[in-house]
Amino acid sequence: MNRPNAAPLKGVQAIEHLGDPVLAMAELAPDIHRELHRFHVMGNVVAVELTIQGTFTGSFTTPAGVIEPTGAKLAIPAGDFWYVEDGRIKEFNCYASINVMLAQLGVQPDFASAVTASATS
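Residues numbered from 1 in each chain as written. Predicted model: local features only at pLDDT ≥ 70, side-chain atom pairs only at ≥ 80, totals over all residues. Heavy atoms only, no water.

Let us look at the packing of aromatic side chains. With the rule as written, the count across this model stands at two aromatic pairs. Ring plane angle 65° and centroid distance 5.9 Å describe the contact between Phe 81 and Tyr 95, whose orientation is recorded as edge-to-face. Separated by 14 residues along the polypeptide, Phe 81 in strand β5 (residues 73-85) and Tyr 95 in strand β6 (residues 88-96) bring together distant segments of the chain. Aromatic side chains Trp 82 and Phe 92 sit 4.2 Å apart centroid to centroid with 45° between the ring planes, which places their arrangement in the tilted category. One end of the pair, Trp 82, is in strand β5; the other, Phe 92, is in strand β6, with ten residues separating them in the sequence. The partly exposed category is assigned to Trp 82, whose relative accessible area is 29%. (Phe/Tyr/Trp six-rings, centres within 6.5 Å; stacked < 30°, edge-to-face > 60°. Helix = DSSP H or I, 4+ residues; strand = E, 2+ residues; numbered from the N terminus. Buried < 20%, exposed > 50% of the residue type's maximum accessible area, 1.4 Å probe, protein only.)

Before going further, it helps to spend a moment on the nonpolar core. Met 25, Leu 28, Ile 52, Leu 74, Ile 76, Met 101 and Leu 105 are the most contacted members of the largest nonpolar core, which has 13 residues in total. Those elements that place two or more of their residues in this core are α2 (20-28), β2 (45-55) and β5. Discounting residues that sit within four places of it in the chain, Met 101 has contacts with Met 25, Leu 28, Phe 60 and Ile 76. (Core = buried A, V, L, I, M, F, W, Y, C linked by side-chain atoms within 4.5 Å. Contact = heavy atoms within 4.5 Å.)

If you want it as structure tokens, here you go:
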């Protein structure tokens, strides 16, 4: 399991933290669910096109502070990839369009801060 800006987790650590993203999304939108659109089977890989849907009724903790719920409807495009080996799931990856989610939450990119940070590094 890989987490942005963190060392990859492996083995027992990965299993212990497998549900962390799901729990975070359930806090953000308690009615969260996945609408599955298409399935593609390519050898030992299954790809699923989907939309993560819910209502922003829970608080969203960010590095800058907490964003309080607005009741905004969320419809986040996503893709799941299941890698199967010997009839067992070897690996699972979910890629969600975080930029779409942030826009739906009312979070806009802060280009000015990025420019300032890049000039000082």
